[in-house]
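Residues per chain, in single letters:
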Amino acid sequence: MEESDRKFMRRALALAARAAGRTSPNPLVGAVIERDGAIVGEGYHHASGEPHAEVEALRAAGERARGATMYVTLEPCAHHGQTPPCVDAIREAGVARVIAALRDPNPRVDGRGFRALRDAGISVEQGLLADEAARLNEGFLTRIREGRPFVLLKIATTVDGRVAVAGRRYLVGKRALREVHRLRDRYDAVLVGVGTVLADDPALTVREVRGRDPLRVIVDSDARTPPTAKVVRARDPQRTMVLVARDADTRRVNRLRESGVLLATMPRDPRGGLDLGAALRWLGEQGVNTVLSEAGPRVAASLVRAGLADRVLFLIAPIVGGGGAPALADAPTALELRDPRSRRLGEDVAIEGYLRP
């Protein structure tokens, strides 16, 4: 591939990233149309039900798309969904060449788009910046391949690995808090345990940056979430999902249901808590691609222990001698991060990496 091909694909990836947290259950997709070395059209998928990236780019290009090259971050669709097949629009526009970063593993696509384009006489190449495209769509890819959302664990700790300090509501400073709110904006759902609700009464909204609020998911096996909690009294209670055990107290469950939040029942795990694997599979069935876990040590450790956590972000405050539980209570003793990275966020340090290959 020429360096110019990489440049145009990087532009398509940057466009796709603009819609993070807004396209589920669909993937993030960007498209760029190039002719004679210049971009003549570009677009990205804004939200489920809206035009796909390829169609947006073709509309912008108009007649200039004839004989041009399209760079797209994911294989164009060849089936009728909420919108018509993109391969039909590409063929009718007269595009001569399509370069795609990734093949779409969705069984409704999975190579059919590429075959349809080739059958129409359009040159097709795939694999350009595939690793970058896979990272961009790790939520969609995880849901399609494993039937559950991609899970990022966010854990704020002291230097000695504790999650609380007496007299402080937040361990970390403003810049780290902004990073958490930026992630809330970009993830489909934020998940906490009922212990966090009872201890901190969080709103789980986006406030430190401009953005939209995620779906709020409460893991609450015994339906202990108070009807007076902020996540229940929110202006949009239908964006709060409380996951309870099938045998939870009926009166408490009914009180929560009457408060206006959504409820779903899950089986318990062998330890008596909620079966988090079942909970995540259920969220995947609802079209949730990505989950940001801001849960406490026990739920976080359960996710790690069950192999359900994909990536971890530690926000480490410059404090020694913290209280509360260890950051990952009862988790495996050795966790080796893959592709670890660190950065400063004001006075705090962020360390992040993948827990799974």
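In what follows, the accompanying structure is described. All figures in this text were calculated on a predicted structure; none of them were measured in a lab.

### Things to note about the layout of surface pockets
Item 1. Taken as a whole, the second largest pocket spans an internal volume of roughly 650 Å³.
Item 2. As for the second largest pocket, its lining consists of 32 residues, and the residues nearest its centre are Arg 135, Leu 136, Glu 138, Arg 186 and Tyr 187.
Item 3. Those elements giving two or more residues to the lining of the second largest pocket turn out to be α5 (130-136), α6 (138-146), β6 (150-157), α7 (174-186), β13 (311-316), β15 (338-345) and β16 (348-354).
Item 4. In terms of residues, the lining of the second largest pocket owes the most to one element, α7, which gives 4 residues.
Item 5. Class assignment of the residues belonging to the lining of the second largest pocket gives a composition of 12 nonpolar, 8 polar and 12 charged.

### Remarks on the environment of Ala 350
Item 1. Along the chain, Ala 350 turns up in strand β16.
Item 2. Dropping the residues within four chain positions of it, Ala 350 is found in contact with Leu 313, Phe 314, Leu 315, Arg 341, Ser 342, Arg 343 and Leu 345.

### So, the sheet that holds β16
Consider a sheet: its strands pair through backbone hydrogen bonds, and that pairing is either parallel or antiparallel.
Item 1. Ordered in space as β11-β10-β9-β8-β12-β6-β13-β16-β15, the 9 strands form an open sheet in which the pairing is mixed. The open sheet has two free edges, formed respectively by β11 (262-266) and β15, since each of these has just one partner strand. Direction aside, the axes of adjacent strands within the sheet are offset by 20° on average.
Item 2. Inspection of the sheet shows strand β10 (residues 240-245) paired to β11 by 5 bridges, in the parallel sense. For Val 242, the partnering residue across the bridge sits in β11 and is Leu 263.
Item 3. Contacting β6, β12 (290-293), β13, β15 and β16, α7 runs over the sheet at an angle of about 130° to β15.

Reading the values: rules and limits
- Residues numbered from 1 in each chain as written.
- Predicted model: local features only at pLDDT ≥ 70, side-chain atom pairs only at ≥ 80, totals over all residues.
- Heavy atoms only, no water.
- 1 Å grid on protein atoms, 1.4 Å probe; cavity = no way out; pocket = protein on both sides within 12 Å on 5 of 7 lines; lining within 4 Å.
- Points joined across faces, edges and corners; volume = space filled by probe spheres on them.
- Helix = DSSP H or I, 4+ residues; strand = E, 2+ residues; numbered from the N terminus.
- Nonpolar A, V, L, I, M, F, W, Y, C, P; charged D, E, K, R; others polar.
- Contact = heavy atoms within 4.5 Å.
- Pairing = 2+ DSSP bridges.
- Axes fitted to C-alpha atoms, helices over the stretch in contact; angles between N-to-C directions.

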